[in-house]
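Breakdown of the fold
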Amino acid sequence: MKSVSHKVSSIILSVAVSLFARVNAQSTAGAKSNTKPNVIYIFADDLGYGEVGCYGQKRIKTPNIDRLAAEGMKFTQHYVGTPVCAPSRCNLLTG
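Residues numbered from 1 in each chain as written. Predicted model: local features only at pLDDT ≥ 70, side-chain atom pairs only at ≥ 80, totals over all residues. Heavy atoms only, no water.

**Concerning the overall build of the chain**
Where we set the bar: The helix count covers DSSP runs of H or I at least four residues long, the strand count covers runs of E at least two residues long, and both are numbered beginning at the N terminus. Buried, partly exposed and exposed residues are distinguished by accessible area as a fraction of the type maximum, computed with a 1.4 Å probe on protein chains only: under 20%, between the cut-offs, and over 50%, respectively. The contact criterion used is simple: two residues touch if any of their non-hydrogen atoms lie within 4.5 Å. We get accessible surface area from the Shrake-Rupley algorithm with a probe of 1.4 Å; when it comes to residues, only the shown protein chains can shield them.
What the chain contains, in helices and strands, is 3 helices and 0 strands. Helices and strands in the chain line up, N terminus first, as α-α-α. Residues classed as buried in the chain amount to 19% of the 95 residues present. Sequence-distant contacts, at least 24 apart, represent 50% of the contacts inside the chain between residues at least 6 apart. As displayed, the chain offers around 7700 Å² of accessible surface, 60% of which is attributable to carbon and sulfur atoms.

Structure follows, in structure tokens:
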């Protein structure tokens, strides 16, 4: 069961990163002076704070997320409604 959750997390993360790359390419092509900032919220199941390279992970390579963090903002204090996947997603959707 853990491997299925890990695969889903990887897919969600990949989609978020590829969407960012597409939006970023489009926004730089037609940049205006009054554009609003792009906001990317990566919500991945079972992905802990220290499991991404920009927050100190040494073994798992996350170059795209590390680049996003280097070029933008990094948040260090964020709380979720619950530490398990399904209720956490429900909290995100319902507040």
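**Some words on the side chain of glutamine 57**
Rules: Polar contacts, as counted here, are pairs of nitrogen or oxygen atoms within 3.5 Å of one another; within protein the pair requires one atom able to donate a hydrogen and one able to accept it, and residues that are adjacent in sequence qualify only if both atoms are side-chain atoms.
Within the element layout of this structure, glutamine 57 appears in the loop between α1 (2-29) and α2 (63-71). Within the local environment of glutamine 57, its side chain forms a polar contact with the backbone oxygen of glycine 50, the two atoms lying 3.5 Å apart. In contact with glutamine 57, other than residues within four places in its own chain, are Gly50, Glu51 and Val52.

**Some thoughts on the packing of aromatic side chains**
Basically, it comes down to this: Put simply, two rings from Phe, Tyr or Trp (the six-membered ring, in Trp's case) pair if the centres are within 6.5 Å, and we call them stacked under 30 degrees between planes, edge-to-face over 60, tilted for the rest. Consider the ring centre and the ring normal. A charge sits over the ring if Lys NZ or Arg CZ is within 6 Å of that centre and within 35 degrees of that normal.
Evaluated as defined, the whole model comprises 1 aromatic pair. Relative to phenylalanine 43, the ring of tyrosine 41 has its centre 6.1 Å away and its plane inclined at 20°; by these criteria the two rings are stacked. The ring centre of tyrosine 55 lies 5.2 Å from the NZ or CZ of lysine 74, which sits over that ring.

**Topic: the confidence of the model for the chain**
Just so we agree on the cut-off: A residue's pLDDT is simply how confident the predictor is in it, with values from 0 to 100.
Counting all residues, the mean pLDDT for the chain is 75, and 65% of those residues have values of 70 or more. Mean pLDDT across the secondary structure elements of the chain bottoms out at α1, with 60, and peaks at α2, with 91.

**Digging into the environment of proline 83**
As for its position among the elements, proline 83 is in the loop between α2 and α3 (85-94). Among the residues examined, proline 83 registers a relative accessible area of 75% and is labelled exposed. Spatially, the C-alpha atoms of proline 83 and aspartate 45 are 9.1 Å apart, while their sequence positions differ by 38 residues.

**Examining the environment of glycine 72**
Note that glycine 72 resides in the loop between α2 and α3. Take glycine 72: its relative accessible area is 49%, and that puts it in the partly exposed class. Through-space distance from the C-alpha of glycine 72 to that of valine 39 is 9.7 Å; in sequence the pair is 33 residues apart.

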